Amino acid sequence: MYDLIGDIHGHAAELTSLLELLGYDRPRGYYSHPARKAVFVGDFIDRGPQIREVLALVRPMVDRGSALAVMGNHEFNALCYHTPDSDRPGDFLRSHSDKNVQQHRSTLVQVPSKELDEYLEWFRSLPMWLDLEGLRVVHACWDDRQIAVIRSGIVQNRGITSGFLHQASTKDSPLHLAIEDVLKGKEIRLPDGMSYFDKDGHERHAMRTKWYESAAQRTYRSYALTADPDLPAGFVQPSPSTCTVFII
């Protein structure tokens, strides 16, 4: 039996309380359960006050086999943030813009750089999806076609290497679009002239969707993954999707 645990974002105290509530203990120095296994659905870092503690708690569980984990978009973003861009000397695959620095700042402040380098290498080892018996796990969207694109990219680049990250950071490349769907979720653009501000105060011209549901006869507001009163109330034009329905 599995216990699925979503975005932790540096909240170690809450994670510890949840694991203990579920019956996990740590007689060997890491949390484990006699009959169940935790499955972490990515996004360990950024935002919260105990990022270093979360990583120190989660990684031993995964390494010792008492948990499984998939990569979240924040782990992928961190890899790109710290990987130099060979096409633009002095820059990185994820630019160090004010917006991106602010999103990653808590991790940079809380985790010493040498230690962070070790965790970045660990992030490279995390799968982007798990296809278990009777259960599929992915951070944002299970799309067979896009997963095949990512799998091919991993094989061609022999892992989540700098080459893989460079291809995945090349805007509108097949690998970039696949990563966007699988790790961040499917988006649709809003009508021209329409935008809204997300929870971090950033203006958005596209919205993440409830991709696991049909868009037919849905408004932008009702089809958005996160409801926002500033989204338009007009109907969304349905578009074909190859996503497999998967809800956790």
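Residues numbered from 1 in each chain as written. Predicted model: local features only at pLDDT ≥ 70, side-chain atom pairs only at ≥ 80, totals over all residues. Heavy atoms only, no water.

A. Region of the structure containing unusual backbone geometry. The phi torsion at Asp43 lies on the positive side, around 60°, for a residue other than glycine. Along the chain, Asp43 falls in the loop between strand 2 (37–40) and helix 2 (51–63). Here Asp43 falls in the buried class, since its relative accessible area comes to 2%. We note that Arg158 has phi near 60°; this positive angle belongs to a residue other than glycine. (Helix = DSSP H or I, 4+ residues; strand = E, 2+ residues; numbered from the N terminus. Buried < 20%, exposed > 50% of the residue type's maximum accessible area, 1.4 Å probe, protein only.)

B. Representation of the side chain of Asn77. Inspection of the secondary structure puts Asn77 in helix 3 (residues 73–81). If we skip the residues at most four places from it in the chain, Asn77 touches Arg94, Gln103 and Lys184. (Contact = heavy atoms within 4.5 Å.)

C. View of the environment of Val70. By secondary structure assignment, the location of Val70 is in the loop between strand 3 (67–69) and helix 3. Since its relative accessible area comes to 0%, Val70 is described here as buried. Along the sequence, Val70 and Leu22 sit 48 residues apart, while their C-alpha atoms lie 20 Å from each other.

D. Broad picture of the packing of helix 3 against helix 4 (residues 98–110). Running from N to C, helix 3 and helix 4 cross one another at 100°; their axes reach a closest spacing of 11 Å. Taken together, the axis directions place helix 3 and helix 4 in an arrangement best described as roughly perpendicular. Together, His74, Asn77, Ala78 and Tyr81 of helix 3 and Asn100, Val101, Gln103, His104 and Leu108 of helix 4 make up the contact between the two elements. Grouping the amino acids of the contact of helix 3 with helix 4 by side-chain chemistry returns four nonpolar, five polar and no charged. (Axes fitted to C-alpha atoms, helices over the stretch in contact; angles between N-to-C directions. Parallel < 35°, antiparallel > 145°, perpendicular 65-115°, else oblique. Nonpolar A, V, L, I, M, F, W, Y, C, P; charged D, E, K, R; others polar.)

E. Geometry of the pairing of strand 5 (residues 135–138). Across four bridges, strand 4 (residues 129–132) lies against strand 5 in antiparallel orientation. Looking across to strand 5, one finds that Asp131 is bridged to Arg136. From the end of strand 4 to the start of strand 5, which pair antiparallel, there are two residues, and Gly134 there has a positive phi angle of about 80°. (Pairing = 2+ DSSP bridges.)

F. Highlighting helix 2. Here helix 2 contains 13 residues, and its C-alpha end-to-end distance of 18 Å stays within 8% of the 18 Å for a straight helix at 1.5 Å per residue. For helix 2, the set of buried residues is Ile51, Val54, Leu55, Leu57, Val58, Met61 and Val62. Packing partners of the buried residues in helix 2 comprise helix 1 (12–21), strand 2, strand 3, helix 4 and helix 5 (113–125). Once helix 2 ends, the next one or two residues include Gly65, with phi positive near 90°. (Expected span 1.5 Å × (residues − 1).)

G. Focus on the environment of Thr209. Among the structural elements, Thr209 can be located in the loop between strand 9 (206–208) and helix 9 (220–223). Sequence-wise, Thr209 and Leu108 are 101 residues apart; in three dimensions their C-alpha atoms are separated by 30 Å. Those residues in contact with Thr209 that sit more than four places away from it in its chain are Lys186, Glu187, Ile188, Tyr223 and Leu225.

H. A look at the pattern of salt bridges. Counted according to the given criterion, the structure contains twelve salt bridges. Between Asp3 and Arg36 there is a salt bridge, and its shortest N-O distance comes to 2.8 Å. On the criterion of sequence distance, the pair formed by Asp3 in strand 1 (residues 2–5) and Arg36 in the loop between helix 1 and strand 2 is long-range, its members being 33 residues apart. With a relative accessible area of 11%, Asp3 lands in the buried category. Several salt bridges converge on common partners, so that one network encompasses Asp85, Arg88 and Asp91. (Salt bridge = Lys/Arg side-chain N within 4 Å of Asp/Glu carboxyl O.)

I. Main features of the confidence of the model for the protein. Chain-level statistics for the protein give a pLDDT mean of 92 and a share of 95% at 70 or above. Between residues 240–248, whose pLDDT stays under 50, and residues either more than four places distant or in other chains, the model counts 27 contacts. (pLDDT = per-residue confidence, 0-100.)

J. The pairing of strand 2, seen in detail. Where strand 1 lies against strand 2, four bridges are found, and the strand directions are parallel. Each residue of the ladder has a partner; that of Asp3, found in strand 2, is Ala38. Following the backbone out of strand 1, through helix 1 and into the adjacent parallel strand 2, one traces a crossover that is right-handed. As paired elements, strand 2 and strand 3 share three bridges and run parallel to each other. Paired with Val39 across the bridge in strand 3 is Leu68. (Right-handed = clockwise from strand over helix to strand, strands pointing away.)

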